[in-house]
Amino acid sequence: MTRKCWLLTLCLLIALFFTGCLSREQLGVESPDPVEPTWLADGFDFPVGDPDGKGWAVTGYGFLDWSSYSNSYHPGEDWNIPGAGNGDQGEPVYSVANGEVVFSGWNTALGNVVLIKHAISPTDFVWSQYAHLDQRYVSKGERVYRRQPIGTVGRGPNNTFAAHLHFELRKADLPANAWPRTNGAPWDRSKVADFWLNPTLFINHNRPQ
């Protein structure tokens, strides 16, 4: 083949590639591994009530409130139906976003706990934790979807508390029993904020589009 024919063939191949008629694989160019669409979070909803949390409120300790019960700054929010007392026990608790269950089990301080890892980009993650559950519907390693029921509202170990959901959003990969104390000494507010997020603010800023 003459030099002119080689040049015409090369130009044709380039044109086919850029018009989408030839794939990257056909040209010997590796494509990045696709990210599974169900793994990436497509937005965040509230963990109880409807997607907006309607009918529920943070009626117990809020984020970074001082908890006299645990002698520490509270790293999450306590959600309840206002005035319901224990009437919301057994109400469904939902995954706030698509994710993967990294823990589902019993904790002597928190009762039944579910911890879910959420990818907000291929390299950035947050973790949601749901505690004091009456029942758990999911297992470690299971992929879950936004608004999928993952358990029910309970009262914690040995019915220690009035029925409510203790809900956390974490910036870091912490164990399920993580709490902002070291050897019984509480962390200061700024250190807690280094590891935990304000759940309501984060969800309101990351609603589904």
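Remember, predicted model here, so these are calculated numbers, not experimental data.

A. Structural view of unusual backbone geometry. A positive phi angle, close to 75 degrees, is found at R147, a residue other than glycine. Positionally, R147 belongs in the loop between strand 9 (143–144) and strand 10 (149–153). Phi is positive for N158, which is not a glycine, with a value near 55 degrees. Along the polypeptide, N158 turns up in the loop between strand 10 and strand 11 (165–170). According to the relative accessible area criterion, N158 is exposed, its value standing at 76%.

B. Quick look at the pattern of salt bridges. The final tally for this structure, using the stated rule, is six salt bridges. For R207, the salt bridge goes to D45, with nearest N and O atoms at 2.8 Å. Pair noted here: R207 is in the segment after helix 3 (199–205) and D45 is in the loop between helix 1 (3–18) and strand 1 (57–58), with a separation of 162 residues, a long-range link. In this structure, the salt-bridge partner of R143 is E100, at a minimum N-O distance of 3.8 Å. Here E100 lies in strand 6 (residues 99–107) and R143 lies in strand 9, a separation of 43 residues in the sequence. R143 sits in the partly exposed class, given a relative accessible area of 33%. The partly exposed category is assigned to E100, whose relative accessible area is 23%. Through salt bridges with shared partners, one network takes in D42, D45, D52, R146 and R207.

C. Structural view of the environment of W179. Here W179 lies in the loop between strand 11 and strand 12 (181–182). Along the backbone, W179 and P75 are 104 residues apart, and their C-alpha atoms lie at a distance of 7.5 Å. In terms of polar contacts, W179 uses its side chain to reach the side chain of S72, at 2.7 Å.

D. Representation of the pairing of strand 7 (residues 111–119). Within strand 7, eight of the nine residues are buried, which leaves it mostly tucked inside the rest of the structure. Across seven bridges, the pairing between strand 6 and strand 7 is antiparallel. Bridging across to strand 7, V101 finds its partner in I116. In textbook terms, the turn of a hairpin is the stretch between consecutive antiparallel strands, and for strand 6 and strand 7 this stretch comprises three residues. Here strand 7 runs beside strand 8 (residues 125–136); their pairing, made up of seven bridges, is antiparallel. If you follow K117 over to strand 8, its bridge partner there is W127.

Cut-offs applied
- Residues numbered from 1 in each chain as written.
- Predicted model: local features only at pLDDT ≥ 70, side-chain atom pairs only at ≥ 80, totals over all residues.
- Heavy atoms only, no water.
- Helix = DSSP H or I, 4+ residues; strand = E, 2+ residues; numbered from the N terminus.
- Buried < 20%, exposed > 50% of the residue type's maximum accessible area, 1.4 Å probe, protein only.
- Salt bridge = Lys/Arg side-chain N within 4 Å of Asp/Glu carboxyl O.
- Polar contact = N/O pair within 3.5 Å; in protein donor to acceptor, adjacent residues only side chain to side chain.
- Pairing = 2+ DSSP bridges.

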